[in-house]
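# A closer look at the structure
Each chain is listed here by its residues.
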Amino acid sequence: MSRSRRAVRWLQPGLVVKRWVLTSGLGLIILLLGVAIWADLQPIYWSLATIQWVLRNITTVLPRKVTGPLVLVIGALLIWLGQSRSFGTIQQALAPEKGTLLVDALAAQGRLNRGPSIVAIGGGTGLSTLLSGLKRYSSNLTAIVTVADDGGSSGVLRRELGVQPPGDIRNCLAALAREEPLLTRLFQYRFRAGSGLEGHSFGNLFLSALTAITGSLEAAITASSRVLAVQGQVVPATTADVRLWAELENGERIEGESRIGHAPSPIVRLGCIPERPPALPRAIEAIAHADLIVLGPGSLYTSLLPNLLVPELVAAIARSRAPRLYICNLMTQPGETDGLDVEGHLRAIEAQLASLGVEERLFTAVLAQEDLEDSPLVQRYRTQGAEPVACDARQLRRQGYTVMLAPLQGARPTATLRHDPRSLALAVMRFYRQHRGGAAA
């Protein structure tokens, strides 16, 4: 019964298999007719004569009541054998996991290919979390990633090898990977010992080596994407060697992404050297064709706003007619967003855009966490200086924002207060469908 159900499922629309099987069959018939016409129809006469001779000799040995069903069964068995072996070979390539049916893999891939074109802008673990959830809904994903990191493994490789920091890019490639989990785990593996190796991840070293071989980080990302069978594309925000600086409320100016993340005073202004870094054409093109543009989640001043220091990216977002959504963090970050609520985060984004001469709001919709209930986990974060990011939805709506609240942490209890990939992606797709439905109406 299960085999019959599986066979019937091949008739469902959207698999893009039946049309090509029929097209191939029709092409074969037309090919044979073309050969016959070219040969003055003689092959048709020869074929009919041969079939007639074979059938006449067979029916002299066995009666027609036996010969007909026997030949029919043999033909059906040959068709079944050929098709099952063909689809079995294809399944080994497309769905090698045990228990995964080819029809399911083709249906899922067809659904992903028809998914919306989504551009996600950011960096850090927030962007990779978002991508790992969104890849269940679409394969048309573009991650535009900040390259301002100067701490940890990325910072060491940046200083010693002169390459752009690969850490956030590595996380996004791993999040979008469709390859077997072992290869993804290898890419994320971090050495815990070894002189010169301790603290480095294999993926960072891999990307740095490929950058040296290919001559650019963009080419290294493309090669890594093929290795990991990445679903979508990962694009650096700029090819420039960007270094961040920030002016603080106390008048001090600090430089470096790692120092800005622990600023001793509230940040007033963010900038970078060089002042107007160029954007990659692929990033501009992705924004131009996007159905949805998402900023965040991630560290406000060290993961999100650095992307808005690239004027060409900002101009491309301003030109786009796609809905734009800002995803706010669950908790404030000590030394970076102390005391900021959702409105404070939005004001910081608008101030950053105003420094580039952009007065209009680029992100008029915001996705935030529903009120977090007090718990031992929240209390632990409070002891470290973090607070839940409050959202006054009524006030924001009065200011013209579209506000969407959702349980972004997920239903299962976790050891950290972070976005859950499934819950986050579900909320983003709900926003997209609501906007698309409103636009269609």
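Everything below is about the structure shown above.
Numbering of residues begins from 1 in every chain and follows the order in which that chain's sequence is written. This being a predicted model, a pLDDT of at least 70 is required before a residue's local features are given, and a value of 80 or more before pairs of side-chain atoms are given or counted; all residues contribute to the totals for chains, interfaces and linings. Hydrogens are left out, water is left out, and the side-chain values use all remaining heavy atoms of the structure.

## Details of the overall build of the chain
Defined as follows: Helix and strand assignments follow DSSP, with helices taken as H or I runs no shorter than four residues and strands as E runs no shorter than two, numbered in order from the N terminus. Working definition: with a 1.4 Å probe on protein chains only, accessible area under 20% of the residue-type maximum means buried, over 50% means exposed, and in between means partly exposed. Working rule for contacts: check all heavy atoms of both residues, and any pair within 4.5 Å makes them a contact. All accessibility values rest on the Shrake-Rupley procedure with a 1.4 Å probe; residue burial counts only the protein chains present in the view.
A count of helical and extended segments in the chain gives 19 helices and ten strands. The 441 residues of the chain split such that 43% are buried. Considering only residue pairs separated by 6 or more positions, the chain has 71% of its internal contacts joining residues 24 or more positions apart. When the accessible surface of the chain is totalled, it reaches about 24,000 Å², and 58% of it is carbon and sulfur.

## A few points about the environment of F187
With respect to the element layout, F187 can be found in helix α9 (residues 181-188). The class for F187 is buried, based on a relative accessible area of 5%. Between the alpha carbons of F187 and L173 there is a distance of 9.1 Å; along the sequence they are 14 residues apart. Excluding residues that lie within four positions of it along the chain, F187 makes contacts with R170, L173, F202, G203, F206, L207, S224 and L228.

## A look at the sheet that holds strand β3 (residues 233-236)
In plain terms, the rule: In this analysis, strands are considered paired if DSSP registers two or more bridges between them. To obtain an axis, a line is fitted to C-alpha atoms, over the contacting stretch when the element is a helix, and the angle between two such axes runs from 0 to 180 degrees between their N-to-C directions.
What the seven strands build is an open sheet, ordered β3-β2-β1-β7-β8-β9-β10; its pairing is parallel. Each having just a single partner strand, β3 and β10 (402-406) make up the two edges of the open sheet. Between one strand and the next, the sheet's axes are offset by a mean angle of 20°, whatever the strand orientation. Along the sheet, helix α16 (residues 342-354) contacts β7 (292-295), β8 (324-327) and β9 (365-369); its crossing angle with β8, the most-contacted strand, is approximately 125°.

## Some words on empty space enclosed by the protein
Operational definition: We place a 1 Å grid over just the protein atoms. Points where a 1.4 Å probe fits but has no way out form a cavity, open points with protein on both sides within 12 Å along at least 5 of 7 lines form a pocket, and any residue with an atom within 4 Å of a point lines it. Grid points are joined across faces, edges and corners, and a volume is the space filled by probe spheres set on the points. Under the scheme applied, nonpolar residues are Ala, Val, Leu, Ile, Met, Phe, Trp, Tyr, Cys and Pro; charged residues are Asp, Glu, Lys and Arg; polar residues are all the others, including Gly.
For the structure on display, the rule yields one cavity of 30 Å³ or more. Empty space within the largest cavity amounts to approximately 60 Å³. In terms of lining, the largest cavity is formed by T146, V147, A148, A237, T238, V242, C272, P277, P306, N307, L309 and V310. Taken together, the residues that form the lining of the largest cavity break down as nine nonpolar, three polar and no charged.

## A few points about unusual backbone geometry
Omega for the peptide link from I273 to P274 comes to 0°, which places this bond in the cis form. Cis geometry marks the peptide bond from G296 to P297, where omega comes out at -5°. Inspection of the secondary structure assignment puts P297 in the loop between β7 and α14 (300-304). With phi around 50°, A229 is a residue other than glycine that occupies positive phi space. By the secondary structure assignment, A229 is in the loop between α11 (217-228) and β3.

## Brief notes about the packing of aromatic side chains
Convention followed: Side-chain rings of Phe, Tyr and Trp, where Trp is taken by its six-membered ring, are said to pair if the distance between their centres is within 6.5 Å; with planes under 30 degrees apart they count as stacked, over 60 as edge-to-face, and otherwise as tilted. Whether a charge sits over a ring depends on NZ of Lys or CZ of Arg being within 6 Å of the ring centre and within 35 degrees of the ring normal.
Summed over all chains, the structure comprises three aromatic pairs. Look at F187 and F206: their rings are 5.7 Å apart centre to centre, the planes differ by 75°, and that puts the pair in the edge-to-face class. Of the two residues, F187 sits in helix α9 while F206 sits in helix α10 (residues 202-214), which places them 19 residues apart along the sequence. The ring of W245 carries the charged tip of R253 above its face, separated from the ring centre by 4.1 Å.

## Things to note about α10
Since the α-helix packs 3.6 residues into each turn, any two residues three or four apart lie on the same face. Short version of the rule: Multiplying 1.5 Å by the residue count of a helix minus one yields the expected span of that helix. Each C-beta atom gives one direction from the helix axis, and the arc is the one those directions make.
Taking 1.5 Å per residue, 13 residues should reach 18 Å; α10 reaches 18 Å between its end C-alpha atoms and fits that length. Listing the buried residues of α10 in full gives G203, N204, L207, S208, L210 and T211. The arc that holds the buried residues of α10, viewed along the axis, is 165°, so those residues lie on one side. Facing away from the buried side of α10 by over 90 degrees, the exposed positions are A212 and I213. On its buried side, α10 packs onto α7 (152-161), α8 (167-176), α9 and α11.

## Re the layout of surface pockets
Of the volumes computed, that of the largest pocket is approximately 1,000 Å³. Together, 40 residues line the largest pocket, and G124, T125, S299, Q333 and R418 are the ones closest to its centre. Sorting the residues of the lining of the largest pocket by element identifies α6 (124-134), α7, α8, α12 (257-260) and α14 as the ones contributing at least two each. Partitioned by chemical class, the residues of the lining of the largest pocket number eight nonpolar, 25 polar and seven charged.

## Let's talk about the side chain of H419
To keep it simple, the criterion reads: Between N or O atoms, a polar contact is any pair within 3.5 Å; within protein, one atom must be a potential hydrogen donor and the other a potential acceptor, and residues adjacent in sequence are included only when both atoms are from side chains.
With respect to the helices and strands, H419 occurs in the loop between β10 and α19 (421-440). Engagement of the side chain of H419 in a polar contact is seen with the backbone oxygen of C328, the distance being 3.3 Å. Setting aside anything within four residues of it in sequence, one finds H419 in contact with T129, P297, I327, C328, N329, L330, L408 and L424.

## Focus on the pattern of salt bridges
How we decide: In what follows, salt bridge is the name for a side-chain nitrogen of Lys or Arg lying within 4 Å of a carboxyl oxygen of Asp or Glu.
Under the criterion given, the structure shown has nine salt bridges. A salt bridge links E343 to R347; the shortest N-O distance between them is 3.4 Å. Highlighted residues: E343 and R347, both in helix α16, separated by four residues, approximately one helical turn. The network of salt bridges with common partners includes R158, D241 and R243.

## With respect to the sheet that holds strand β6 (residues 267-273)
Taken together, three strands build an open sheet; the order of strands is β5-β4-β6 and the sheet is antiparallel. Looking at strand neighbours, the two that pair on one side only are β5 (253-255) and β6, the edges of this open sheet. Between one strand axis and the next, the sheet turns through 20° on average, direction left out of account. Relative to β6, strand β4 (residues 243-248) runs antiparallel, the two being bridged by six bridges. Looking at the pairing, A246 lines up with L270 of β6.

## Comments concerning the environment of N113
Note that N113 resides in helix α5 (residues 102-113). Through-space distance from the C-alpha of N113 to that of Y137 is 9.1 Å; in sequence the pair is 24 residues apart.

## Concerning a nonpolar patch on the surface
Put simply, the test is: Like charges are joined within 9 Å and nonpolar side chains (Val, Leu, Ile, Met, Phe, Trp, Tyr) within 5 Å, but only among residues with over 30% relative accessible area and no salt bridge; these make up the patches.
A cluster of nonpolar side chains, namely L28, L31, L32 and V35, defines an oily patch on the protein surface of about 390 Å² accessible area. Mapped onto the secondary structure, L28 falls in helix α2 (residues 18-38).

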